[in-house]
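Architecture at a glance
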Amino acid sequence: MMNILKKICLMLVLVLYTGAMNSVVAASSDKQKNENEADTANVKKENKYEKITQNSQKTAKGLMNLYLQKNKLYLEIPFDLLGREMLLGSTVSEISDNNHSVVGSKPYAPIMVQFTRVDSSLQLRKLTANKIAPSSDENIISALEKNSIGSIMEVFKIEAYNEDRTTGIIEISNFFLKDIKELSPFTGVPRGYTRSESFKKDRSFIGELKSFDDNVSIKSHLTYEYTLKRGKTTYAKNEAFTAVMTRTFLLLPEEPTRPRIADPRIGIFVSGKNFLSNDDNRTKAIYYAHRFNLLPSDIEAYKKGKLVEPVQPIVFYVDSDFPATWKESVKNAINDWNKTFEKIGFKNAVKALDYPKNDSAFDPDNLKYNCVRYAPAPVANAMGPSWVDPRSGEIINASVYVFHDIVKLLNNWMFIQTSPADKNVRNVKLPDDYMKKAIRYVIRHEVGHCLGFMHNMGSSYVIPVDSLRSPSFTQKYGTTYSIMDYARFNYVAQPGDKEKGVRLSPPEFGLYDYYMVKWNYTYFPEVKDELEESELLKNIINEKADDPVYRYGRQQGNIIDPSSQSEDLGDDAVLASKYGIKNLKFIMKNLNTWVSGEDKDYSYRREIWTGIVNQYLRYINHVYGNVGGIYLNEKYEGDPLPFYESVPRKKQKEALQFLFDEIKDLEWLESPDVIQNMTLMGTPVNFLREKIVEAALQSTLKVNLSALKSKESNPYTPEECMKDIYANVWAESRKGEALTPAEMDIQKAFVKSVIVGSKLADIKKSGAKSFYSMAEHGIPLPAFLENELIDTYGVQGYQEFINPQQTNIDLVSGFQSISINFNLAPNLESMFYNTLLDTRDLLKKSLKKCKDEETKIHYQLLLHQIEKTIK
């Protein structure tokens, strides 16, 4: 029995052992199978990497490698670049129609991006850098990191790895062959037009690829169809449009350059930041100045006051496609800026170079290069935008775009502003030496923008008008103290002044320009951080705080400060405008004689007449800004200038009187000798009278605020302003005299505008425009309404006519605007109503005294309008 049991146990052990061994073998076999499958997968991955990298039609190797294979674009990203900030920009390289964009332009500012990785995918994230904290405050830094992870623009699957798995390849074809707003080729459309676009992927493809040590570039050939409308009129429907766009990933410095904290008292472009600190009881607004990172190559020599070369000069490459006669002027304008940098210890700080030939590394569309580009388009303009490292304000790219018709604009400027004083410009075509100097002036101004400098519209206001007719003064200072002003040419100069030595052109540089360069580019070798540097920079401004030459006059939309206006000259707008208008009349009288032989088809005379109308309106605007005007100053505690100061009563009254003196004598604008041979069209005189009267009445609302803020014992009030207007409009009626057609037009405009101001009429039904703001309690600021003359009379190019729909006013306050809503403004309705009653009574009396039948009918019509309104 025992033997049988032993045999059974032995057999059981053998069975269990055999089963266990089979399980081990099976497990081992499964493990081997899994390992074999993994090896096979890895081999496939490696084979795919080789397939992509070794069999591509196009390859570019550098910062990140690019491979184009069967219309698929692959990007190989080293994983040590993950998390690094880059700029992604899109530049127009070629285009089928430059009405929608311009070669060389960047329709949208480059965006800051980074690549990140999660498992087997990479993400392209759009970053912001608008919140900062002290580097020592780890808690806030940690919180900001969690709240600033970057929005995901695109997710890419990692298609393959290199052998040591330090890089990954992603396919990016779809990203660069779709419509992305931030990378779009389209710029805006003119006011009143609408454009819709539809991207056509089937007609788009990837072109040239480039990769360098710090950037990669991809050219996308993009096709769209667009429809352009204005109102119900369709100008283009489903029209094809193709643009070649160069997209650049530009690696930003791992450590941002030290920022320079901006000061609102000087005109520098800025980037705003929210500064969060445990030491403050609030979030502070800090602004970084836009500037190139200009460092001396020899710091010790620099400290001793010697001129030194910069480590990296500011280089602008000049387009090889510029018209041959322009090139020298363009390069000279760029190099001119070296004079300002030499004052602060740098030599050869700015360089103008031709486009390199036979240099595969150079691409003017790459974000890495600053260029001055030529745009063969009938646009009378030039511009100088720049793009910065959002973390620091360091200018990474700055380019100037010069449109072909800048020469047309310069020709017209000089003819209209200086031909009475300069016989050499009384021609259809300017002499070559004049045009070269004028181009140099424009490019110098635009390069100033590229260096970080804003417009200073107050630089010409400091100059006494009489000094603009002084040979000694103008030869030394020109027409303004800053090239960044819009001062233009010397329209104050009169016939005979040039022969006496009066200069007619802006200066090469003004005192303010040297001051700006000193503030923005002086290197401080001893300072440890931007806060310490900021104190030294404040001293530069404080030293000049009581000198009006160095005052910054910020550019305005609607004019509240008459001392910071565009294209004005001198400290007295009335006197300067009288000189200017006298010159315009001189041109009208002599235009046919000067150009008849060169202008067979009258096209030049039409341009000049249009320009004369526009220039006249500028003079009116310059004066009008004084009525109810308030001088504004950027101010720190201790500065001598007040934050604001109302224009003196006497100056406001003088300005208002000037306006009414002018509108009584506008017939010279319609001189038959000039316009009789032009295309049949309406003329602007009646229209101008109506709008200037309307603007004068609107000024009572500005005067209201100005009076309340005035420190004069008897400030100019809305009531007095209304009395002065009333006296001018009805002067002849009070005498019982017959009225001229001009006087009738003025009275019609007055009654119409007073009815609107009283708010008695249903404005929508009447078709009139309310010059109260749409916001019930806003202060309207009349300005000049864009395109009104274009639509009505065919006059092209003017961008400032009366706009009665302004909701508030923007006052200067650091780098931000303060919108002032003034709830007493509607109380002026009663003043308009009383004026309407006074006008009704005056008309009744005038009807009894007047003997002229035409004038009586005119009075009856106005009286009917008033009585109908009052009912």
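Placed above this text is the structure.
Procedures and definitions
Per-chain numbering applies: the sequence of each chain, read as written, is numbered from 1 onward. Given that the model is predicted, a residue must reach a pLDDT of at least 70 before its local features are reported, and side-chain atom pairs must reach 80 or more before they are shown or counted; all residues, however, enter totals for whole chains, interfaces and linings. Working from all heavy atoms in the structure, the side-chain values ignore hydrogens and water. Think of it this way: DSSP has to see at least two bridges between two strands before they count as a pair. Runs of H or I in DSSP of at least four residues are treated as helices and runs of E of at least two as strands, each being numbered from the N terminus. The term salt bridge refers to a pairing of a side-chain nitrogen on Lys or Arg with a carboxyl oxygen on Asp or Glu at a separation within 4 Å. Note on classification: 1.4 Å probe, protein chains only; a residue is buried when its accessible area is under 20% of the maximum for its type, exposed when over 50%, partly exposed between these limits. Contact between two residues is taken to exist if any of their heavy atoms lie within 4.5 Å; hydrogens are not considered. Here, nonpolar core refers to any group of buried Ala, Val, Leu, Ile, Met, Phe, Trp, Tyr and Cys residues whose side-chain atoms link them within 4.5 Å.

So, the sheet that holds strand S7 (residues 131-132)
The three strands lie next to each other as S7-S14-S15, forming an open sheet whose pairing is mixed. Of all strands in the sheet, those bounded by a partner on one side alone are S7 and strand S15 (284-289). Here S7 runs beside strand S14 (residues 270-275); their pairing, made up of two bridges, is parallel. Its bridge partner lying in S14, Ile132 is registered against Phe275.

Some thoughts on the pattern of salt bridges
Counted by the stated rule, this structure contains 44 salt bridges. Asp354 serves as the salt-bridge partner of Lys331, at 3.3 Å between the closest nitrogen and oxygen. One end of the pair, Lys331, is in helix H5 (residues 324-336); the other, Asp354, is in strand S17 (residues 350-354), with 23 residues separating them in the sequence. Look at Asp354 and you get partly exposed, because its relative accessible area is 41%. Put simply, Lys653 and Asp724 hold a salt bridge, and the shortest N to O gap is 2.9 Å. With Lys653 in helix H15 (residues 649-663) and Asp724 in helix H18 (residues 718-729), this pair connects stretches of sequence that are 71 residues apart. Assessed through its relative accessible area of 27%, Lys653 is described here as partly exposed. Taken together, the shared-partner salt bridges connect Glu208, Lys210, Lys219 and Asp363 into one network.

Overview of the pairing of strand S2 (residues 65-69)
Judged by how many residues are buried, S2 sits mostly within the fold: five of five residues are covered. Residues Asn65, Tyr67 and Gln69 line one face of S2 and the alternating positions Leu66 and Leu68 line the opposite face, and both faces are buried. Relative to S2, strand S1 (residues 58-60) is paired through three bridges, and the arrangement is antiparallel. Across the sheet, Thr59 pairs through a bridge with Tyr67, a residue of S2. Taking the residues between adjacent antiparallel strands as the criterion, S1 and S2 are bridged by four residues. Direction of pairing for S2 relative to strand S3 (residues 72-78): antiparallel, over a ladder of five bridges. Its bridge partner being in S3, Leu66 is matched across the sheet by Leu75. Linking S2 back to S3 in an antiparallel pair, the connection comprises two residues, with Lys70 at a positive phi of about 50°.

Regarding the pairing of strand S12 (residues 215-230)
The element S12 is largely enclosed, with a buried count of 14 among its 16 residues. Here strand S10 (residues 193-199) pairs with S12 via seven bridges, running antiparallel. Its bridge partner lying in S12, Arg195 is registered against Leu228. Strand direction decides the pairing type here: strand S11 (residues 205-211) and S12, joined by five bridges, are antiparallel. Following the sheet pairing, Ser211 is matched in S12 by Val216.

Describing unusual backbone geometry
One non-glycine residue, Arg488, lies in the positive phi region at around 60°. For Arg488, the location among the structural elements is in the loop between helix H9 (471-477) and helix H10 (497-500). Of note, Lys759 is a non-glycine position whose phi angle comes to about 60°, a positive value. Within the secondary structure, Lys759 is located in the loop between helix H20 (741-758) and helix H21 (763-766).

Some points on the side chain of Ser699
Examined against the element boundaries, Ser699 turns out to sit in helix H17 (residues 685-709). Ignoring any residue separated from it by four or fewer positions in sequence, one finds Ser699 in contact with Tyr624, Val627 and Cys721.

What to know about the nonpolar core
Grouped together as the largest cluster of nonpolar side chains are 152 residues, with contacts concentrated most on Trp337, Phe341, Tyr521 and Phe750. Beyond its immediate stretch of four places on either side in the chain, Trp337 contacts Val350, Arg444, Val447, Gly448, Leu451, Phe453, Ile483, Phe509 and Val517. Leu75, Met86, Tyr224 and Ala243 belong to the second largest nonpolar core, which has 44 residues in total.

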